[in-house]
Amino acid sequence: MSSLDLFLWVIFPYICLTVFVLGHIYRYNTDQFGWSAKSSQFLEKKKLKWGSILFHWGIIFVFFGHVAGVLIPKIIYDNIGITDHMYHFGAVWFGGAAGVICVIGGALLFMRRASVKRIRMNSKFKDWLSLVLLGIVVIVGFTNTVGYTASGGDFDYRTTIGPWFRGILTFNPEPAYMIGAPIGFQAHILLAFVLFAVWPFTRLVHVWSLPLEYLKRKYLVYRRMAPAKNVTKRN
């Protein structure tokens, strides 16, 4: 095992996770007022509606798909009778569908931010950084699912990436699991850790403020106040 492998699959993940945790603590203690998504609905709402709905629903299903594939050991699926064929069928078709929805929603949000002048002028570098980085992570992951797994690739991330990631979380990392992984899966993981590192310093922190409420709440309605009529003048 080379020193580069040790850095990529042990040191670098822990650096990013440390920044992720400490960054959130720092942000919460110093910028509670800015702990939000900073809604731009009042600037433009037609494009936001579909982009937001598709992206948020897609990313939620993508998240739970990662939990099922990475955090839950393969032996559990074997014990409850879920075969490899059944699992990969669900991962490709249901995971692929969630990925498509997420990618379309993200693309709509990106085009909205880039094409609407008022939103573009009010966007900061960190807004673009988080949006672009999140989009790259999603697209690379989607490509791995559809392009590699669906085309008959025999790499099983449940027996490689899964044990490695659980080892990271339990402070018992085994980088050897990642050395032979396809480059697409490696890129997806490294980019995801970069995203974790910048997460606390962007509007992505709003996911910890019950983001599921956004899926069912009504959109805010902004109305211009009309001047009061028949106002009695004081003597």
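Thresholds, definitions, all that
- Residues numbered from 1 in each chain as written.
- Predicted model: local features only at pLDDT ≥ 70, side-chain atom pairs only at ≥ 80, totals over all residues.
- Heavy atoms only, no water.
- Phe/Tyr/Trp six-rings, centres within 6.5 Å; stacked < 30°, edge-to-face > 60°.
- Buried < 20%, exposed > 50% of the residue type's maximum accessible area, 1.4 Å probe, protein only.
- Patch = residues over 30% accessible without salt bridge, like charges linked within 9 Å, V, L, I, M, F, W, Y side chains within 5 Å.
- Areas by Shrake-Rupley, 256 points an atom, 1.4 Å probe, with all protein chains shown as cover.
- Salt bridge = Lys/Arg side-chain N within 4 Å of Asp/Glu carboxyl O.
- Helix = DSSP H or I, 4+ residues; strand = E, 2+ residues; numbered from the N terminus.
- Expected span 1.5 Å × (residues − 1).
- Contact = heavy atoms within 4.5 Å.
- Bend = angle between axes of the 7 residues up to and from the residue.
- Core = buried A, V, L, I, M, F, W, Y, C linked by side-chain atoms within 4.5 Å.

**Q** Hey, could you run me through the packing of aromatic side chains in this one?
**A** The way to describe two aromatic rings as a pair is by their centre distance and the angle between their planes. Throughout the structure, instances matching the rule amount to 20 aromatic pairs. For the pair Phe-7 and Phe-12, a centre-to-centre distance of 6.0 Å together with 45 degrees between the ring planes defines the contact as tilted. Using a relative accessible area of 35% as the deciding quantity, one classes Phe-7 as partly exposed. Owing to a relative accessible area of 18%, Phe-12 belongs among the buried residues under this scheme. Aromatic pair Tyr-14 and Phe-171: ring centres 5.9 Å apart, planes at 5 degrees, arrangement stacked.

**Q** Teacher, can you tell me more about a nonpolar patch on the surface here?
**A** Taken together, the side chains of Met-1, Leu-4, Leu-6, Phe-7, Ile-11, Ile-15, Val-19, Tyr-26, Ile-179 and Phe-201 make up a nonpolar region of the molecular surface, amounting to roughly 930 Å² of accessible area. Per element, the largest residue contribution to the nonpolar patch is seven residues, and it comes from helix α1 (residues 3–30). Considering the arrangement of structural elements, one finds Met-1 in the segment before α1.

**Q** Where do I start with the pattern of salt bridges in this structure?
**A** Pairing is possible between side chains that carry opposite charge, provided their charged atoms lie close to one another. For the coordinates displayed, the defined rule picks out six salt bridges. Here Asp-78 makes a salt bridge to Lys-74, at a shortest N to O gap of 3.2 Å. Pair noted here: Asp-78 and Lys-74 are both in helix α3 (residues 74–79), with a separation of four residues, about one helical turn. The exposure class of Lys-74 is buried, given its relative accessible area of 18%. For Arg-203, the salt bridge goes to Asp-127, with nearest N and O atoms at 3.1 Å. One end of the pair, Arg-203, is in the segment after α9 (183–198); the other, Asp-127, is in helix α6 (residues 125–149), and 76 residues separate them in sequence.

**Q** Before we go on, may I ask you to explain α9 in this structure?
**A** Along an α-helix, residues three or four positions apart point the same way, because every turn accommodates 3.6 residues. Taking 1.5 Å of rise per residue, the 16 residues of α9 would be expected to cover 22 Å, and the 23 Å separating its terminal C-alpha atoms lies within 8% of that figure. Within the span of α9, buried status applies to Phe-185, Gln-186, His-188, Ile-189, Ala-192, Phe-193, Leu-195, Ala-197 and Val-198.

**Q** Is there a simple way to think about the environment of Trp-9 in this case?
**A** Within the element layout of this structure, Trp-9 appears in helix α1. A residue is classified by how much of its surface remains accessible, and Trp-9, at 2% relative accessible area, is buried. With 166 residues separating them along the chain, Trp-9 and Pro-175 place their C-alpha atoms 5.3 Å apart. When sequence neighbours within four positions are dropped, the list of residues in contact with Trp-9 reads Trp-164, Ile-168, Pro-175, Met-178, Gln-186, Ile-189 and Leu-190.

**Q** Is there a simple way to think about α1 in this case?
**A** The sharpest bend along α1 measures roughly 35 degrees and falls at Ile-11, with the proline Pro-13 sitting one to four residues further on. Within α1 the residues assigned to the buried category are Asp-5, Trp-9, Val-10, Phe-12, Pro-13, Cys-16, Phe-20, Gly-23, His-24 and Arg-27. Along its buried surface, α1 packs onto α7 (161–169), α8 (176–179) and α9.

**Q** Hey, could you run me through the nonpolar core in this one?
**A** Side chains of nonpolar character tend, in soluble globular proteins, to be buried together. Core analysis: the biggest nonpolar cluster contains 17 residues, and Phe-155, Tyr-157, Ile-161, Trp-164, Met-178, Ile-189 and Phe-193 have the highest contact counts within it. Only α1, α4 (84–115), α7 and α9 provide two or more residues apiece to this core. Take this core: its biggest share by element is four residues, from α9. Setting aside residues up to four positions removed in sequence, Ile-161 forms contacts with Val-70, Phe-155, Met-178, Phe-185 and Ile-189.

**Q** Any chance you could explain unusual backbone geometry here in plain terms?
**A** Phi is mostly negative for residues that are not glycine, and the peptide bonds are mostly trans. Despite not being glycine, Phe-171 has its phi angle at roughly 60 degrees, a positive value. Position of Phe-171 relative to the elements: it lies in the loop between α7 and α8. Since its relative accessible area comes to 68%, Phe-171 is described here as exposed.

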